[in-house]
Amino acid sequence: MTQEDLEGIARKLVKKPKGILAMDESSGTIKQRFESVGLENTAENRRAYREMLITTPSLGEYISGVILFTETLNQKTSDGKPFVEILKEEGIIVGVKVDLGTRPYPNFPDELVTDGIDGLAKRIAEYTQQGAKFAKCRAVFSIYGNERPTKAVINANAQRFGEYAPICQNEGLVPIVEPEVLMDGSHSLEDCMRVTYDVLSMVFNKLLENRINFKAMILKTNIVVPGNESKVSYSPDEVAEKTVRVLKSTVPEDIPGIAFLSGDLSDEDATTYLNVMNQRYAIELPWNLTFSFNRGLTREPRKIWAQGGPDNFKNAQRMLLQRAKETSLATEGKYQA
Ligand code: 5MM
């Protein structure tokens, strides 16, 4: 795969009016999501759930790419068709989560660093054989007053992105770099703004130092919002203005697009904030602003599907398509609640 090929894939992934469906929950995360809808976390339930998402008719109208968990790459529908084939037929680009989760950082209680750089090139060779064209690696940062995240942990995670992204580009995958400032806690909008600025600045310093081709990568990050325990609320205009302000001062112009995660936001808020950013700022921004939601697209479909039966299977797919359509409209600032 040449650098031009990778640049083309990156542009296609963020081209409006489409965005990315992140369905790459690791086994621990999907356990929690299944438990909340009364399902057991078995390998067959995970496969069947992902079959429901992937076989949604016309998904490719709104979705440019899906991020799969590694176990899903090789899986098939109940009647034996490989998931990767179905996605290709819909024109959807296949991606894979390549990080191996997080672990505590020694000497820094309650802070996490991302694992998965060791042996990455070798694993990527398998994933590209299985049809993957892009990768995703995520680091998480939680805010606790002015104490956390520490500079050391921001630096450690940024360094990992600086290693991960060139490996991907050299081995033929477009890297999605996902630094996520978590919503957990009572911090203010200004705290989130400050930390998101610090994190993105350091991440892009490390990427630059490591000679990444910015045209062949995608940034996936959080919208700038207060913590989920904060009592203060802000208008979508304020959220959009703060988010865009941070991005403008940290993200290089060569990046083709920024795909937001939905985090702990409601479906409605996540879609509205993306919509307002595109309505107010799209013209002046060098990158496309789109989505790479997990919860914001799959929360409602999962609840419906968990009730079981063929009608709920179809209704869950209708709900996924509806959420994908609404969020797609938001990439063009045309969403109306
Ligand atoms: C689906 O969750 C993804 C993987 O998380 P774990 O490693 O914890 O299982 C996650 O990276 C996800 O792609 C992003 O956070 C976006 O999801 P949301 O729910 O924030 O839109």
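Reading the values: rules and limits
- Residues numbered from 1 in each chain as written.
- Predicted model: local features only at pLDDT ≥ 70, side-chain atom pairs only at ≥ 80, totals over all residues.
- Heavy atoms only, no water.
- Helix = DSSP H or I, 4+ residues; strand = E, 2+ residues; numbered from the N terminus.
- Buried < 20%, exposed > 50% of the residue type's maximum accessible area, 1.4 Å probe, protein only.
- Contact = heavy atoms within 4.5 Å.
- Areas by Shrake-Rupley, 256 points an atom, 1.4 Å probe, with all protein chains shown as cover.
- Phe/Tyr/Trp six-rings, centres within 6.5 Å; stacked < 30°, edge-to-face > 60°.
- Pairing = 2+ DSSP bridges.
- Axes fitted to C-alpha atoms, helices over the stretch in contact; angles between N-to-C directions.
- Arc of directions from axis to C-beta.
- Near = heavy atom within 4 Å.
- Polar contact = N/O pair within 3.5 Å; in protein donor to acceptor, adjacent residues only side chain to side chain.
- Core = buried A, V, L, I, M, F, W, Y, C linked by side-chain atoms within 4.5 Å.

### Some details on the overall build of the protein chain
So, point 1. Check the secondary structure of the protein chain and you find 12 helices and 10 strands.
So, point 2. When the backbone C-alpha atoms are referred to their principal axes, the protein chain occupies close to 50 × 45 × 40 Å.
So, point 3. In the protein chain, which comprises 337 residues, the share counted as buried stands at 56%.
So, point 4. For the protein chain, long-range pairs separated by at least 24 residues make up 79% of all intrachain contacts whose partners lie at least 6 apart in sequence.
So, point 5. Roughly 14200 Å² of accessible area belongs to the protein chain as shown, and the carbon and sulfur atoms make up 47% of that amount.

### Structural notes on the packing of aromatic side chains
So, point 1. For the structure on display, the rule yields 7 aromatic pairs.
So, point 2. One aromatic cluster in this structure is built from Phe-34, Tyr-49 and Trp-305.

### Description of the sheet that holds strand β8 (residues 218-221)
So, point 1. Spatially, β1-β2-β3-β6-β7-β8-β9-β10 is the arrangement adopted by the 8 strands of the closed barrel, whose pairing is parallel. When strand polarity is set aside, the average angle formed by the axes of neighbouring strands in this sheet is 25 degrees.
So, point 2. Of the strand pairs in this sheet, strand β6 (residues 134-141) and strand β7 (residues 174-181) are connected by 8 bridges, and their pairing is parallel. Looking at the pairing, Phe-141 lines up with Val-181 of β7.

### With respect to helix α1 (residues 3-13)
So, point 1. Every buried residue belonging to α1 is among Leu-6, Glu-7, Ile-9, Ala-10 and Leu-13, and all of these are buried. Around the axis of α1, the buried residues are gathered within 160 degrees of arc, so they sit on the same side. Opposite the packed face of α1, turned more than 90 degrees from it, sit the exposed residues Glu-4 and Lys-12.

### Brief notes about the site of the ligand
So, point 1. Around the ligand, the surrounding shell holds 18 residues, and the nearest of these are Ser-26, Thr-29, Lys-97, Lys-136 and Ser-262.
So, point 2. With respect to the ligand, the side chain of Lys-136 contributes an N or O atom lying 2.3 Å from an oxygen atom.
So, point 3. Measuring from an oxygen atom of the ligand, one finds a backbone N or O atom of Gly-263 at 2.8 Å.
So, point 4. The protein chains hide 93% of the 510 Å² of surface that the ligand would expose on its own.
So, point 5. Listing elements by their share of the shell around the ligand, those giving two or more residues are β6, β7 and β10 (288-293).

### Side note on the nonpolar core
So, point 1. Ile-63, Tyr-164, Leu-207, Leu-247, Phe-260 and Leu-289 are the most contacted members of the largest nonpolar core, which has 90 residues in total.
So, point 2. Of the residues forming this core, the biggest block, 10 residues, is contributed by helix α8 (residues 189-209).
So, point 3. Beyond its immediate stretch of four places on either side in the chain, Leu-289 contacts Lys-16, Leu-247, Ile-258, Phe-260, Leu-274, Met-277, Asn-278 and Thr-331.
So, point 4. Ranked by size, the runner-up nonpolar core spans 15 residues in total, among them Ala-10, Val-14, Ala-22 and Ile-67.

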